[in-house]
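Working through the structure, step by step
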Amino acid sequence: MTTIHREIHTDAEGFLTEYDEWTDDLAVQLAAGIGIELSDEHWKAIRFLREDYPTHGETATLRRVSTLAGIPVKQLFALFPGKPAKKMAYVAGLPKPRGCV
Amino acid sequence: MKRLVILGGGTAGTVVANKLRRRLVLEDWRITVIDRVPDHLYQPGLLFVPFGGREDLLKPRRRLLRAGIELLIGEVAAVDPERKSVKLLDGDVVCYDYLVIATGTSSRPDQTPGMLGAEWRHSIHDFYTYDGAFALRDALQGFTGGRLVVHVVEQPIKCPVAPLEFTFLAEAFFRWREMRDQVEIVYVTPLDGAFTKPIASRYLGRLLDERKITVETDFLVERVDADRKTLVSYDEREIGYDLLVTVPLNMGADFIGASGLGDELNYVPVDKHTLQSRAHPDIFAIGDANDLPTSKAGSVAHFSSEIFVENFFQYVEGLAMTHRFDGHANCFVETGDGKGLLIDFNYDTEPLPGRFPFGRLGPLSLLHETKANHWGKLAFRWIYWNLLVKGRWLPIPSRMSMSGKHRPDEEVRP
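What counts as what
Residues numbered from 1 in each chain as written. Chains lettered and ligands numbered in written order. Predicted model: local features only at pLDDT ≥ 70, side-chain atom pairs only at ≥ 80, totals over all residues. Heavy atoms only, no water. Helix = DSSP H or I, 4+ residues; strand = E, 2+ residues; numbered from the N terminus. Expected span 1.5 Å × (residues − 1). Buried < 20%, exposed > 50% of the residue type's maximum accessible area, 1.4 Å probe, protein only. Contact = heavy atoms within 4.5 Å. Salt bridge = Lys/Arg side-chain N within 4 Å of Asp/Glu carboxyl O. Buried area = accessible area lost by both parts, 1.4 Å probe. Polar contact = N/O pair within 3.5 Å; in protein donor to acceptor, adjacent residues only side chain to side chain. Domains from an automatic or database assignment. Disulfide = S-S within 2.5 Å. Pairing = 2+ DSSP bridges. Axes fitted to C-alpha atoms, helices over the stretch in contact; angles between N-to-C directions. Left-handed = near helix turned anticlockwise from the far one by under 90°. Nonpolar A, V, L, I, M, F, W, Y, C, P; charged D, E, K, R; others polar. pLDDT = per-residue confidence, 0-100. 1 Å grid on protein atoms, 1.4 Å probe; cavity = no way out; pocket = protein on both sides within 12 Å on 5 of 7 lines; lining within 4 Å. Points joined across faces, edges and corners; volume = space filled by probe spheres on them.

Bringing helix α5 (residues 198–210) of chain B into the picture now. Residues and elements named next belong to chain B. For α5, which comprises 13 residues, the first-to-last C-alpha distance of 18 Å matches the rise-based estimate of 18 Å (1.5 Å per residue) to within 8%. Buried within α5 we find I199, A200, S201, Y203, L204, L207 and L208. On its buried face, α5 is in contact with α4 (162–176), β14 (214–216), β21 (329–336) and β22 (339–345). Residue K212 follows α5 closely and has a positive phi angle near 55°.

Okay, the pattern of salt bridges next. Residues and elements named next belong to chain B. Applying the stated rule across the entire model yields 34 salt bridges over all chains. A salt bridge links D282 to K84; its shortest N-O distance comes to 2.7 Å. Linking D282 in the loop between α6 (254–258) and β20 (283–285) with K84 in the loop between β6 (76–80) and β7 (85–88), this pair joins segments that are 198 residues apart in sequence. Between E369 and R211 there is a salt bridge; the shortest N-O distance is 3.1 Å. Here E369, found in the loop between β24 (363–366) and α8 (371–388), pairs with R211, found in the loop between α5 and β14; they are 158 residues apart in sequence, far enough to count as distant. For E369, a relative accessible area of 23% corresponds to the partly exposed category. Given the relative accessible area of 10%, R211 is considered buried. Residues participating in the shared-partner salt-bridge network are E171, R175, R180 and D337.

Right, let's talk about the interface of chain A and chain B for a bit. Each side of the interface is counted separately: chain A has 22 residues, and chain B has 24 residues. The junction of chain A with chain B conceals about 1900 Å² of combined surface from both sides, 54% of it contributed by carbon and sulfur atoms. Inspection of the chain A/chain B interface yields six salt bridges. Linking A:K86 and B:D192 is a salt bridge whose minimum nitrogen-to-oxygen distance equals 2.6 Å. If you look at where chain A meets chain B, you find eight residue pairs in polar contact (both at pLDDT 80 or more).

Here we take up the domain arrangement of chain B. All names here are of chain B. One can read the domain layout of chain B as domain 1 (2–106 + 251–316) and domain 2 (109–249). Here the C-alpha centroids of domain 1 and domain 2 sit 30 Å apart. Listed as interface residues are 20 residues of domain 1 and, on the opposing side, 22 residues of domain 2. Counting the surface lost from both domain 1 and domain 2, the interface buries some 1800 Å², and carbon and sulfur atoms represent 72% of this.

On to the state of the cysteines. All names here are of chain B. Using the criterion set out here, one finds zero disulfides over all chains in the structure. C331 provides the cysteine sulfur closest to C159, a residue in no disulfide bond, and the two sulfurs are 5.9 Å apart. Note on C331: relative accessible area 8%, which makes it buried.

Let's shift gears to the sheet that holds strand β16 (residues 230–233) of chain B. Consider a sheet: its strands pair through backbone hydrogen bonds, and that pairing is either parallel or antiparallel. Residues and elements named next belong to chain B. The strand order across the open sheet formed by three strands is β15-β16-β17, and the pairing between neighbours is antiparallel. Bordering the open sheet on either side are β15 (221–225) and β17 (238–240), each of which pairs with just one other strand. This sheet shows a mean twist of 20° between the axes of neighbouring strands, independent of strand direction. Where β15 and β16 come together, four bridges link them in antiparallel fashion. In the sheet register, D225 faces β16, and the bridge partner there is T230.

A word on the packing of helix α3 (residues 130–142) of chain B against α4(B). Residue and element names in this part refer to chain B. Orientation of α3 relative to α4, taken along the N-to-C sense of each, is 35°, at an axis distance of 11 Å. When the axes of α3 and α4 are compared, the crossing they make is right-handed. In this structure, α3 uses L136, L140 and Q141 to contact α4, whose residues at the interface are F166, F173 and F174. Along the lines of polarity and charge, the residues of the contact of α3 with α4 split into five nonpolar, one polar and no charged.

All right, on to the confidence of the model for chain B then. Chain-level statistics for chain B give a pLDDT mean of 94 and a share of 99% at 70 or above. Ignoring residues within four places in sequence, the model shows residues 410–414 of chain B, a span with pLDDT below 50, making 10 contacts including any to other chains.

This part takes up the pairing of β6(B). Residue and element names in this part refer to chain B. As paired elements, β6 and β7 share four bridges and run antiparallel to each other. Within β7, the position partnered with A78 by the bridge is K87. Connecting the antiparallel pair β6 and β7 is a turn made up of four residues, with K84 showing a positive phi of about 55°.

Before going further, it helps to examine helix α5 (residues 84–91) of chain A. Quick reminder: α-helices carry 3.6 residues per turn. Residues three or four places apart thus point the same way. Residues and elements named next belong to chain A. Judged by how many residues are buried, α5 sits mostly within the fold: six of eight residues are covered. Residues P84, K86, M88, A89, Y90 and V91 constitute the buried set of α5. Where the residues of α5 are buried, they touch α1 (24–33), α2 (40–56), α3 (62–68) and α4 (73–79).

All names here are of chain B. The final tally for this structure, using the stated rule, is two cavities of 30 Å³ or more. When its volume is computed, the largest cavity comes out at roughly 50 Å³. Taken together, G287, D288, N290, L292, T294, S295, K296, A297, V300 and A301 make up the lining of the largest cavity. Grouping the amino acids of the lining of the largest cavity by side-chain chemistry returns four nonpolar, four polar and two charged. Reported here for the second largest cavity is a volume of approximately 40 Å³. In terms of lining, the second largest cavity is formed by V152, Q155, P160, P163, Y187, L191, A194, F195 and T196.

Here is the structure:
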């Protein structure tokens, strides 16, 4: 996962470490790498995550996405099966969500 | 005369009120604490209630607050940050120059469909509330065997190690009653492991494994089917139970949301080093009421309060705030059979093994089960009532220290 693109920086699990290295094209590639083809619904969630991160300072949780972007948690599970919080963050080029502390 | 209003007389609110009262001139500063109920609850004691412990859980707030601090009992309806006023449900209005929000976080079983209902406090329990802990004690006494499911709805929760501690204590409880073989214990978590931080998660995961406790990870509950005694997740997995001990969704106080001061869980967004509201500079949120990216725990409330107090003196003088909170948290973890372990961490350093608090001298051990840690946890109750909430000196620094800690060589982050 670390060598999809030569010029991007990722952590050991493949999450981008530089916010500005992310592009729409990269998102498509990252998503394809985990078996997801991006639809408009996927993009709505990803755009929200991208816009929320710089002001909030943390990767949004599922609850935050569902409350503020209006996408029900159930749908997030359908869009990003299994581990939606992690998969969304991965595709959106943001740090792995903390889960908790 | 300046007026400081503190909403909430729990750990953080009481510590801050007492520390500030000692140093702010009585003739120049009026300090008011507002809380819903007259008694202060020793929350760490709730964990032991289901297993028979019950000492010293409640004390009158009035007795814990220094003379010269005004205590108002009432429920906050809303804060108006423009007018700098607090409106109470009974219609009273209290004006402030500076506001400290310390109303904590609380369990909200109403937020998960099917949780509150005919089975609540019968086959579905919580232990983070006074009534809940006592109801669970009766349920455990009467439990004749079957599947016990310990469950966390969603992070963040207050005292994130408590559900694990409950699980360890329950396992020991059934063993001592010689019915362990009739009880299946399952720990259900929305996280991908036993705990949130990798090294501690591995240590704690190993302890669960040794005790033959099954762990279900990545389980985000959508609803409780109380009739079928089943937890149902968003991705349609099901876990049946005979006795469910759940940690409901935790949320900040409703007035925070109603006043437009909160995030999606009614926590006040603050600067993580100064606890100052990001929207209103004369409002600070301390303890569990803010959105700090560290544990919601009494130790955090205590350590961050010390930083806040130092900054507050600078702030009211118009100076820059120079003290920075590092996210320091410190938690005893009961593991059953009279033993416990201890974790100590901050924003940047996850819990590591070693000795605490006096470097190699210990006497407590980090991430390692000992009897001394268990006694430390029990002795803490005295420290809490007599030193901590009164704002007196404690031998633990508010900033985390690396002294006595080491990184286990074999433990490398995946």
